[in-house]
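# Report on the structure
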Amino acid sequence: MHLSLRSALPTWLFKLQDPRFKTRRAQYHTLGAGEPNKVGPNLHGIFGRKSGQAEGYSYTTANVNKGVTWDGTALFEYHENPKKYIPGTKMAFAGLKREKDRNDLVTYLKEATT
Ligand code: HEM
């Protein structure tokens, strides 16, 4: 990842993969190819994939049945309020109310999971 992109993003985004957070925080998602599922599924290749398809991960039926193909628009909408976008999901994340944060997140995810 480019340093310029990194420095432009809020710190909380790096809870996802920054090694500095690994010892202090539980990891919810991994982003790289071949990395394991954690509390949440590995997100490598999420763009263009249907919801609920990460290999070996035990999703809620709500997440699977959503049936959305994750693209930038869907991920932008989802992260405003995940429990509203997928009622019944077990993803315990309040969401990001600011559009800029969600845009930054989608940009970051695209870079980190493709
Ligand atoms: C900005 C932070 C986060 C991002 C970008 C993110 C992204 C995602 C995405 C895209 C999915 C759907 C995966 C799929 O359909 O294959 C998902 C599911 C999930 N996430 Fe997150 N997530 C975040 C934060 C969290 C946090 C903080 C937790 C834990 C507390 C968490 C736990 C989960 C779980 C358990 C699922 C599976 C949901 C289900 O089966 O209902 N995520 N996440």
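One can find the structure itself at the top, above this paragraph.
In what follows, the accompanying structure is described. (Residues numbered from 1 in each chain as written. Predicted model: local features only at pLDDT ≥ 70, side-chain atom pairs only at ≥ 80, totals over all residues. Heavy atoms only, no water.)

### Describing the coordination of the iron atom of the ligand
To keep things clear, this is the line we draw: Coordinating donors are taken as N, O and S atoms within 2.8 Å of the metal, stretched to 3.2 Å for Na, K and Ca; because water is absent from the atoms, sites can appear incomplete. Geometry is assigned from donor-metal-donor angles: four donors are tetrahedral when every angle falls between 85 and 135 degrees, four are square planar and six octahedral when opposite donors sit over 155 degrees apart with all other angles between 65 and 115, and any other arrangement is irregular. Secondary structure elements are taken from DSSP: a helix is a run of H or I of four residues or more, a strand is a run of E of two residues or more, and numbering for both begins at the N terminus. Each residue is placed in one exposure class: buried if its accessible area under a 1.4 Å probe, protein chains only, is under 20% of its type's maximum, exposed if it is over 50%, and partly exposed if it falls in between.
Around the iron atom of the ligand, the protein contributes the donor atoms His29 (NE2) and Met91 (SD), which lie 2.0 to 2.1 Å from the metal centre. Around the iron atom of the ligand, the six donor atoms are arranged such that angles at the metal cover 83 to 179°; this shape is classified as octahedral. Of the two residues, histidine 29 sits in the loop between helix H2 (19-22) and helix H3 (61-66) while methionine 91 sits in the loop between helix H5 (82-85) and helix H6 (99-113), which places them 62 residues apart along the sequence. Across the pair, methionine 91 and histidine 29 agree in class, each one buried.

### Concerning the site of the ligand
The test is simple: Each residue is tested against the molecule or strand, and it is near if at least one of its non-hydrogen atoms lies within 4 Å. A 3.5 Å cut-off defines polar contacts: any pair of N or O atoms within that distance qualifies, except that in protein one atom must be a possible hydrogen donor and the other a possible acceptor, and neighbouring residues in sequence count only when both atoms are side-chain atoms. Charged residues are taken to be Asp, Glu, Lys and Arg, nonpolar residues to be Ala, Val, Leu, Ile, Met, Phe, Trp, Tyr, Cys and Pro, and polar residues to be all remaining types, Gly included.
Near the ligand you find 24 residues, and of these His29, Tyr59, Thr60, Thr89 and Met91 are the closest. In this structure, an oxygen atom belonging to the ligand sits 3.0 Å away from a side-chain N or O atom of asparagine 63. Interatomic distance of 2.9 Å between a side-chain N/O atom of tryptophan 70 and an oxygen atom of the ligand. Listing elements by their share of the shell around the ligand, those giving two or more residues are helix H4 (72-78) and H6. A breakdown of the residues in the shell around the ligand according to their chemical character gives 15 nonpolar, eight polar and one charged.

### Let's talk about the packing of aromatic side chains
Note on aromatic pairs: each is described by the distance of the centres and the angle between the planes. Worth spelling out the cut-off: Pairing of aromatic side chains here covers Phe, Tyr and the six-membered ring of Trp, requires ring centres within 6.5 Å, and sorts the geometry by plane angle: under 30 degrees stacked, over 60 edge-to-face, intermediate tilted. Sitting over a ring, as applied to charges here, requires NZ of Lys or CZ of Arg to be within 6 Å of the ring centre and within 35 degrees of the ring normal.
Tallied over the entire structure, the rule returns four aromatic pairs. Here the aromatic cluster, defined as three or more aromatic residues joined through ring pairs, consists of Trp70, Tyr78 and Tyr85. Just above the ring of tyrosine 85 sits the side chain of lysine 66; from NZ or CZ to the centre is 4.2 Å.

### Structural notes on the nonpolar core
Cut-off, in case you're wondering: Put simply, a nonpolar core is a bunch of buried Ala, Val, Leu, Ile, Met, Phe, Trp, Tyr and Cys residues held in one set by side-chain atoms that sit within 4.5 Å of each other. Between two residues, a contact is recorded if the distance between any of their heavy atoms is within 4.5 Å.
Ranked by internal contacts, the top residues of the largest apolar core, which has 19 residues, are Leu31, Phe47, Trp70, Tyr78, Tyr85, Ile86 and Leu109. Where this core is concerned, the elements lending two or more residues are H4 and H6. Setting aside residues up to four positions removed in sequence, phenylalanine 47 forms contacts with Trp70, Asp71, Gly72, Leu75, Val106, Leu109, Lys110 and Thr113.

### Regarding the environment of arginine 102
Relative to the helices and strands, arginine 102 is located in helix H6. The exposure class of arginine 102 is buried, given its relative accessible area of 4%. For the pair formed by arginine 102 and glutamate 77, sequence separation is 25 residues and the distance between their alpha carbons is 8.3 Å. Excluding residues that lie within four positions of it along the chain, arginine 102 makes contacts with Phe76, His79, Glu80, Leu96 and Lys97. At 3.5 Å, the side chain of arginine 102 and the backbone oxygen of phenylalanine 76 are in polar contact.

### Overview of the side chain of asparagine 42
Structurally, the position occupied by asparagine 42 is in the loop between H2 and H3. By relative accessible area, asparagine 42 is classed as buried at 10%. At a separation of 3.0 Å, a polar atom in the side chain of asparagine 42 contacts the main-chain carbonyl oxygen of glycine 32. Here histidine 44 takes part through its backbone nitrogen, which lies 3.1 Å from a polar atom of the side chain of asparagine 42. Not counting residues within four places of it along the chain, the set of residues in contact with asparagine 42 comprises Thr30, Leu31, Gly32, Glu35, Pro36, Asn37, Arg49 and Ala54.

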